[in-house]
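# Analysis of the macromolecular model
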Amino acid sequence: MNFKNDIKISPSILSADYASLKTDIEKVKNGGADMLHVDVMDGHFVPNISIGPPVVKSIRKATDMFLDCHLMISNPYDYIDAFAKSGADLIAFHVESNSDVKETIEKIKKAGIAPALVIKPATEAEAVFPYLKDIAMVLVMTVEPGFGGQSFMTDMLSKITAIREKANEINPNLMIQVDGGIVPETAKLCVEAGADVLVSGSYIFGATDIKKAIDSLR
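The paragraphs below set out a description of the structure included in this document. Only a predicted model underlies this, so the values are computations on that prediction, with no experimental measurement involved.

On to the overall build of the protein chain, then. A count of helical and extended segments in the protein chain gives 8 helices and 8 strands. Computed over its C-alpha atoms, the radius of gyration of the protein chain comes to 16 Å, within 12% of the 17 Å expected for a compact globule of 218 residues. Counting only C-alpha atoms and orienting by the principal axes, one finds that the protein chain spans roughly 40 × 35 × 35 Å. Buried residues in the protein chain amount to 56% of all 218 residues. Here the protein chain has roughly 9,500 Å² of accessible surface; of this, 48% comes from carbon and sulfur atoms.

Structural data, given as structure tokens:
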């Protein structure tokens, strides 16, 4: 994974217009986004339902952007191969899911793609420490997963710092992603805390000038 900027921007398609998804993807690509955040929700692990592998496959056909797939599902292990075959470049799954964390990481690696872990706001940073050497990224949720447009939780900043400090000892190349309420003001706080990948949905897709919105986050 070679990205052109120290701070990576990953627009969340949860806030895109699904009737014009290809057009919206092209807009964020042309605006300088580094990757595309694909929110997968099963209506069980989180209360909302979004998309599955067939949509990811269609997105893969529509763009060559790096697909950063966030599985908010109860049993991610069972769906790794389906999302890998659909074109995901990275699969992030929750430590709070029902799947065995180590086994799921290994299955993602065997599929030839990058593994990542996600933690909800109530989960301590230490939950990911045993796995840092084996993954490419940790996603720290700065809102409760499942819905867009929520307010940023500032008390998550210390969690980002704790993970960054531990990663510097174990896996200095680890990326730390944040998702939830990311606008220029909160982006700055997250980067100062140690994050380097910013997910933003409504702020980017709702902007009249998408390139300006992306630049303002970076």
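A few words now on the packing of helix α5 (residues 157-170) against helix α6 (residues 184-193). Two elements in contact, α5 and α6, have axes whose closest approach is 8 Å; the angle formed by their N-to-C orientations is 30°. In this view, α5 runs roughly parallel relative to α6, as classed from their interaxial angle. Between α5 and α6 lies a crossing of right-handed hand. Across from L157, I160, T161 and R164 in α5, the residues of α6 making contact are L189, C190 and A193. A class-by-class count of the residues in the contact of α5 with α6 yields 5 nonpolar, 1 polar and 1 charged.

The next thing to look at is the side chain of S12. Structurally, the position occupied by S12 is in the loop between β1 (8-11) and α1 (21-30). Residues contacting S12, with those up to four places away along its chain left out, are H37, D39, V199, S200, G201 and F205.

For the rest of this paragraph, the subject is the environment of G181. Note on placement: G181 falls in the loop between β7 (175-179) and α6. C-alpha of G181 to C-alpha of F152: the two residues are 29 residues apart in sequence and 4.4 Å apart in space.

Judged by pairing direction, the sheet is parallel, and its 8 strands sit side by side in the order β1-β8-β7-β6-β5-β4-β3-β2 without closing on themselves. Two strands in the sheet have a free side with no partner beyond their single neighbour: β1 and β2 (35-41). Averaged over all pairs of adjacent strands, the angle between strand axes in this sheet comes to 25°, irrespective of strand direction. Where strand β3 (residues 66-72) lies against strand β4 (residues 90-94), 4 bridges are found, and the strand directions are parallel. In the strand pairing of β4, L71 is matched with F93. Across the sheet, helix α4 (residues 101-110) is in contact with β4 and β5 (114-119); its angle to β5 comes to roughly 145°.

Cut-offs applied
- Residues numbered from 1 in each chain as written.
- Predicted model: local features only at pLDDT ≥ 70, side-chain atom pairs only at ≥ 80, totals over all residues.
- Heavy atoms only, no water.
- Helix = DSSP H or I, 4+ residues; strand = E, 2+ residues; numbered from the N terminus.
- Rg over C-alpha atoms; globule rule 2.2 N^0.38 Å.
- Buried < 20%, exposed > 50% of the residue type's maximum accessible area, 1.4 Å probe, protein only.
- Areas by Shrake-Rupley, 256 points an atom, 1.4 Å probe, with all protein chains shown as cover.
- Axes fitted to C-alpha atoms, helices over the stretch in contact; angles between N-to-C directions.
- Parallel < 35°, antiparallel > 145°, perpendicular 65-115°, else oblique.
- Left-handed = near helix turned anticlockwise from the far one by under 90°.
- Contact = heavy atoms within 4.5 Å.
- Nonpolar A, V, L, I, M, F, W, Y, C, P; charged D, E, K, R; others polar.
- Pairing = 2+ DSSP bridges.

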